[in-house]
Protein chains: 2
Amino acid sequence: MSDGAQFRQVSPVRLYQRIVEQIEQAIVRGDLKPGQRLPSERELVTQFGASRPTVREALRVLESSGLVRSRPGDPNGPEILPFSPAGLTKEMTRLVQFDNVSMAELISFRMILDGSASLLAARLRSEEELSAMERTIAVMSEAIEAGYAEFSKADMAFHEAVAVASRNSLIEVCNQVVRGAVLSLISDKVAHAGNSTALMRKSLHHHQEVLEAIRLRDGQAAARISRRTLFDYYAGYVPENEQGPLLALVDDEETSTTRP
Amino acid sequence: MSDGAQFRQVSPVRLYQRIVEQIEQAIVRGDLKPGQRLPSERELVTQFGASRPTVREALRVLESSGLVRSRPGDPNGPEILPFSPAGLTKEMTRLVQFDNVSMAELISFRMILDGSASLLAARLRSEEELSAMERTIAVMSEAIEAGYAEFSKADMAFHEAVAVASRNSLIEVCNQVVRGAVLSLISDKVAHAGNSTALMRKSLHHHQEVLEAIRLRDGQAAARISRRTLFDYYAGYVPENEQGPLLALVDDEETSTTRP
DNA sequence: ATGAGCTTACTGGTCAGGCCAGTCACAACG
DNA sequence: CGTTGTGACTGGCCTGACCAGTAAGCTCAT
């Protein structure tokens, strides 16, 4: 056998995959924008030269990825959907369930992401972004009376504002994904025990501390407080013998001793 | 209208979705383990009471998620695949292409993940894990002669060892995903320019520094060096006017001044 | 002229049945 | 005992059909 040539494993490409690729790339390239419609299934059959079941297999795959949506009877054909991280969330949730990722790892990950977002926000924020954060904190304060649902919404608005200031949307998307995974795990155990006013006030106070650190452009402090906040909030759901990694992210005491 | 009842939007559930759910849950529950086989399509048709096209739509969706694989002619039926983060990678890549996530954000994200992994490893490592890391570094050193492919493999082994010591598999999975996304973006521009021995030596040196910090259990230093390493390596691919967020993760000068 | 209601021509969801090429277990053959 | 058919499967793909929706356009009464 010749030593020079390297052969790769070949795998037959299914027809439906070619169709998926073509539509997918058309969307990525921007030829198909969200809101636009795909031709009807029967029209696609003629365009792709494949049978309807094959075209449908492709559409089902695209649909499960959250790229398109078919509605029965819709004369306009399947709709191109705007991008949403829903698919990412699904995959992440699968990862958690499969790879038996522990609660501790999820919380730990959130502490890292949230802390990093706060750190970046503290160092990169503009004045406008700071006041935007201040406004969301004010809304949070008022929302305490309105109940947990409102408070939670305001809370997310704050984190969104922080994410914007951190100049990194990836962090926030991943954070929301992990947050969703955490909630789907603990929702079995507790039905929003965090409904009490006292807890909301405490949470608000934590957020105010983070905001203050961001105002002072003290990235390290903002990160530390963010992590501490999450730890306080979620530590109860983690068995004590698994809290080590979490504490490792909270204890920053060595910070002042490591630099020359 | 009654004020008490809350109604959610309903959406008709397709037959193929029910099938997907059932198989998916069977896998998640562990009733179906990787390597095991699903009944043949025609057998599934009788079990689910649906037609073959419908069953096939379900299988295509599961296949595109990386859960099962069908091979033509295989008398054992579709195979349950071991979990792989391939689906996550695909979704993440989509996110990058769609949401026009910039190169700077990707690098920034890797700096955060890699730095956090090093920090946790430094604080949580056991002696065995430390020596495991030392071994991979030794392999890296030897692999420089063997070329970039070998070196890259050894590099990944080191990061794997760090990930194990950090007690958090999520970080590593996400890191690999982002790493893949980055490589798929810059592979267009450069065909592995990092092939030179000099670059490998430099990379090895950086890794040794990280290892030393982990040995000393100095989490902050390990994190800082990790981020710096990545910055040095990738900064060239980021336009100068977008390097701000990256520098914000490298400059830890304020560290020693923020603690009372 | 204008609005309400019906008709109709589509849509996607689902099914039954069939053909083909590939794979593999196994039996017949050398 | 090894080789070689061979046949009973597999999945990939197709045709054609029926049904329940949707919505546009038409009709008709106001």
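Residues numbered from 1 in each chain as written. Chains lettered and ligands numbered in written order. Predicted model: local features only at pLDDT ≥ 70, side-chain atom pairs only at ≥ 80, totals over all residues. Heavy atoms only, no water.

A.B. asks: Where do I start with the overall build of chain A in this structure?
C.D. replies: Within chain A one finds 12 helices and 2 strands. Ordered by position in the sequence, the α and β elements of chain A form the string α-α-α-β-β-α-α-α-α-α-α-α-α-α. Put simply, of all contacts in chain A between residues at least 6 apart along the chain, 71% involve residues at least 24 apart. For chain A, the accessible surface area stands at approximately 12,900 Å², while carbon and sulfur atoms represent 52% of it. (Helix = DSSP H or I, 4+ residues; strand = E, 2+ residues; numbered from the N terminus. Contact = heavy atoms within 4.5 Å. Areas by Shrake-Rupley, 256 points an atom, 1.4 Å probe, with all protein chains shown as cover.)

A.B. asks: Would you take a moment to explain the interface of chain A and chain B for this structure?
C.D. replies: One widely used convention gives an interface's size as the accessible area the parts lose upon coming together. Contacts between chain A and chain B engage 61 residues on the former and 61 residues on the latter. Both sides together, the interface formed by chain A and chain B hides about 6,000 Å², and carbon and sulfur atoms give 62% of it. Across the contact surface, chain A and chain B share 6 salt bridges. Between Arg94(A) and Glu24(B) there is a salt bridge, with the nearest N and O atoms lying 2.2 Å from each other. Mapped onto the side of chain A that touches chain B, the elements with two or more residues apiece are α1 (15-29), α3 (52-64), α4 (86-98), α5 (103-124), α8 (169-186), α10 (219-234), α11 (244-250) and α12 (255-258) of chain A. Ranked by the residues each element gives to the side of chain A that touches chain B, the list is headed by α5(A), at 11 residues. The residue makeup of the side of chain A that touches chain B, split by class, is 26 nonpolar, 15 polar and 20 charged. (Buried area = accessible area lost by both parts, 1.4 Å probe. Salt bridge = Lys/Arg side-chain N within 4 Å of Asp/Glu carboxyl O. Nonpolar A, V, L, I, M, F, W, Y, C, P; charged D, E, K, R; others polar.)

A.B. asks: Would you mind showing me how to read the protein's contact with DNA strand C here?
C.D. replies: Taken together, 25 residues lie near DNA strand C, and Ser40(A), Arg42(A), Arg52(A), Arg14(B) and Thr54(B) sit nearest. Between DNA strand C and the protein, one listed contact pairs a phosphate oxygen with a side-chain N or O atom of Arg60(A) at 3.2 Å. Here Arg52(B) contributes a side-chain N or O atom positioned 3.3 Å from a base oxygen of DNA strand C. When residues of the surface near DNA strand C are traced back to their parent elements, those giving at least two are α2 (41-48) and α3 of chain A together with α3 (52-64) of chain B. The leading source of residues in the surface near DNA strand C is α3(A), at 3 residues. Among the residues making up the surface near DNA strand C, the classes are represented as 7 nonpolar, 7 polar and 11 charged. (Near = heavy atom within 4 Å. Polar contact = N/O pair within 3.5 Å; in protein donor to acceptor, adjacent residues only side chain to side chain.)

A.B. asks: Any chance you could explain α8(A) here in plain terms?
C.D. replies: Helical geometry: 3.6 residues make up each α-helical turn, so side chains three or four residues apart lie on a common side. Taking 1.5 Å per residue as the helical rise, α8(A) with its 18 residues ought to reach 26 Å, and the 26 Å between its terminal C-alpha atoms agrees with that figure. Within α8(A), the full set of buried residues consists of Leu170(A), Ile171(A), Glu172(A), Val173(A), Cys174(A), Asn175(A), Val177(A), Val178(A), Arg179(A), Ala181(A), Val182(A) and Ile186(A). Contact partners of the buried residues in α8(A): α4, α5, α7 (148-166) and α10 of chain A together with α4 (86-98) and α5 (103-124) of chain B. Its side-chain oxygen at 3.0 Å from the backbone nitrogen of Leu170(A), Asn168(A) defines the N-terminal cap of α8(A). (Expected span 1.5 Å × (residues − 1). Buried < 20%, exposed > 50% of the residue type's maximum accessible area, 1.4 Å probe, protein only.)

A.B. asks: Would you mind going over the relation of the copies chain A and chain B with me for this structure?
C.D. replies: Mapping chain A onto chain B calls for a rotation angle of 180° and an axial translation of 0.0 Å; the resulting RMSD is 0.1 Å. When the rotation and shift are considered jointly, the pair of chain copies conforms to a two-fold rotation axis. When the interface residues of chain A are mapped onto chain B, 100% of them are again interface residues, pointing to one common binding face. (Least-squares fit on C-alpha atoms with pLDDT ≥ 70 in both.)

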